[in-house]
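# Descriptive analysis of the structure
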Amino acid sequence: NCQLLITLIYDSPLPEEEWKAEVQSLRSTLRTDLGDPSLELHFMGRSKGVVVCVEQDWITERLTVNGKELFYKQVEGSFSNPNPAVNEKVLSWLCNCFDQALVRNTRWWQPMLVVML
């Protein structure tokens, strides 16, 4: 299922309720124009210290790393490589580096799970 998080940035005050209503209309138009009524579209509006979120401020990216499927929560405003294939290769490389470090350092116990944030 495809997800998009679109952030719109304004240089003038953002009327929150009016903006949310307009975004709902924009969402419907985009789904129709793109031919996918199930497309998950999430919107953020930013204006001089004001942040307005419609539904959620994150998407879930599905990546395959070393043969395992990972679900990666991408929060608006945080870095994410827009190329999922590059993300998978970078995460695979990091996991392999960590595995090699564990092998070289015999004082470590083998963890069941490694979480990198």
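Keep in mind that what you see is a predicted model, and the values were worked out from it rather than measured.

### A look at the sheet that holds strand β3 (residues 50-54)
The sheet built from three strands is open, its strands ordered β1-β2-β3 with mixed pairing. What marks the edges here is a single partner per strand, and that holds for β1 (3-10) and β3. Adjacent strand axes in the sheet meet at a mean angle of 15 degrees when their direction is disregarded. Here eight bridges tie β1 to strand β2 (residues 40-47), and the two strands are oriented parallel to one another. Bridging across to β2, L4 finds its partner in L41. Packing of helix α1 (residues 16-34) onto the sheet brings it into contact with β1, β2 and β3, and relative to β2 it is tilted by some 145 degrees.

### Quick look at the packing of aromatic side chains
Across all of its chains, the model carries zero aromatic pairs by this definition. Here the basic side chain of K73 rests over the ring of W58, its NZ or CZ set 4.6 Å away from the ring centre.

### Looking at the layout of surface pockets
Computed from the structure, the second largest pocket encloses a volume of approximately 330 Å³. Contributing to the lining of the second largest pocket are 16 residues, with L4, L5, I59, Q74 and S80 lying nearest its centre. Contributions of two or more residues to the lining of the second largest pocket are made by β1, β4 (58-65) and β5 (68-75).

### Describing the state of the cysteines
Counted by the stated rule, this structure contains zero disulfides. Among the cysteines around C97, which has no disulfide bond, C95 carries the closest sulfur, lying 9.4 Å off.

Reading the values: the criteria
Residues numbered from 1 in each chain as written. Predicted model: local features only at pLDDT ≥ 70, side-chain atom pairs only at ≥ 80, totals over all residues. Heavy atoms only, no water. Pairing = 2+ DSSP bridges. Helix = DSSP H or I, 4+ residues; strand = E, 2+ residues; numbered from the N terminus. Axes fitted to C-alpha atoms, helices over the stretch in contact; angles between N-to-C directions. Contact = heavy atoms within 4.5 Å. Phe/Tyr/Trp six-rings, centres within 6.5 Å; stacked < 30°, edge-to-face > 60°. Lys NZ or Arg CZ within 6 Å of the ring centre and 35° of its normal. 1 Å grid on protein atoms, 1.4 Å probe; cavity = no way out; pocket = protein on both sides within 12 Å on 5 of 7 lines; lining within 4 Å. Points joined across faces, edges and corners; volume = space filled by probe spheres on them. Disulfide = S-S within 2.5 Å.

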